[in-house]
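# Structural overview
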Amino acid sequence: MGLIAPLGITRNGLLRGSSPKESIDSFLNLLLNTSRGESPIDLQFGFVFNNLRFEIFNEREGVIYDSMADSDPADSSLYSKKISGNSRNLNTFATELKEVIEAYEPRLEDVIATMSYVRQERKVYVTVTGIIAETQEKYQYDTTLKVWK
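Residues numbered from 1 in each chain as written. Predicted model: local features only at pLDDT ≥ 70, side-chain atom pairs only at ≥ 80, totals over all residues. Heavy atoms only, no water.

### Some details on helix H1 (residues 20–32)
Here H1 spans 18 Å end to end across 13 residues, near enough to the 18 Å set by a 1.5 Å rise per residue. Three or more residues of H1 are buried, namely Pro20, Ser23, Ile24, Ser26, Phe27, Leu28, Leu31 and Leu32. (Helix = DSSP H or I, 4+ residues; strand = E, 2+ residues; numbered from the N terminus. Expected span 1.5 Å × (residues − 1). Buried < 20%, exposed > 50% of the residue type's maximum accessible area, 1.4 Å probe, protein only.)

### Quick notes on the environment of Ala113
Looking at the secondary structure, you find Ala113 in strand S6 (residues 108–118). Given a relative accessible area of 0%, Ala113 falls into the buried group. Sequence separation of Ala113 and Ile101 is 12 residues, and the distance between their C-alpha atoms is 9.1 Å. If near-sequence neighbours (up to four positions away) are discounted, Ala113 is found in contact with Gly85, Asn86, Ser87, Ala94, Leu97, Lys98 and Thr127. (Contact = heavy atoms within 4.5 Å.)

### Some words on the packing of aromatic side chains
As enumerated under the stated definition, the model contains 4 aromatic pairs in all. Geometrically, the ring pair formed by Phe49 and Phe93 is edge-to-face, given 5.1 Å between the ring centres and 70° between the ring planes. Residue Phe49 is found in the loop between H1 and strand S3 (56–58), and its partner Phe93 is found in helix H2 (residues 93–104); the two are separated by 44 residues along the sequence. For the pair shown, Phe49 and Phe93 are each scored as buried. Through a chain of ring-to-ring contacts, three or more aromatic side chains come together here, namely Phe27, Phe45 and Tyr104. (Phe/Tyr/Trp six-rings, centres within 6.5 Å; stacked < 30°, edge-to-face > 60°.)

### Overview of unusual backbone geometry
We note that Asp110 has phi near 50°; this positive angle belongs to a residue other than glycine. The phi dihedral of Arg122 falls on the positive side, at around 55°, and the residue is not glycine. Position of Arg122 among the secondary structure elements: in the loop between S6 and strand S7 (123–132). Residue Arg122 is classed as partly exposed on the basis of its relative accessible area, which comes to 35%.

### Brief notes about the sheet that holds strand S8 (residues 138–146)
The strand order across the open sheet formed by 4 strands is S5-S6-S7-S8, and the pairing between neighbours is antiparallel. Strands with a single pairing partner mark the edges of an open sheet, and in this sheet they are strand S5 (85–86) and S8. Taken together, the 9 bridges between S6 and S7 define a ladder with antiparallel strand orientation. For Met115, the partnering residue across the bridge sits in S7 and is Val126. (Pairing = 2+ DSSP bridges.)

### A short note on the confidence of the model for the protein chain
With 72% of its residues at a pLDDT of 70 or more, the protein chain has an overall mean of 80. Within the protein chain, the lowest mean pLDDT, 66, falls on strand S2 (residues 13–14), and the highest, 94, falls on S7. (pLDDT = per-residue confidence, 0-100.)

Here it is in structure tokens:
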């Protein structure tokens, strides 16, 4: 079975999950809650959405407001990406999430990420689906991210 992230140490060695799903869930939780650039070993590790937590959230348009007045809103930067959407849509944070999962979690195939913002709850619901490569079982991971304000 796979290791649990963050690593835990027991008398018998490193803590391991009881199933591949448990290990993948643990890793996705770590990936989602790590800001890109936070890990000095690999500056690309993490979900870029967390890097924007001190920016202004535009609830009406479902985007993050660029506090730098010089930036061009028409460019394809992070500030033009929609918070709600799925990884099949190019201009969403779900696409960013799918790309980082594909880069760092080889145990998952056919990854699809979905992010849905619920304004009343101020939460982003995240769903990741795919196939566990080792067992060919369907996989689903659900979590929420609190929206800052």
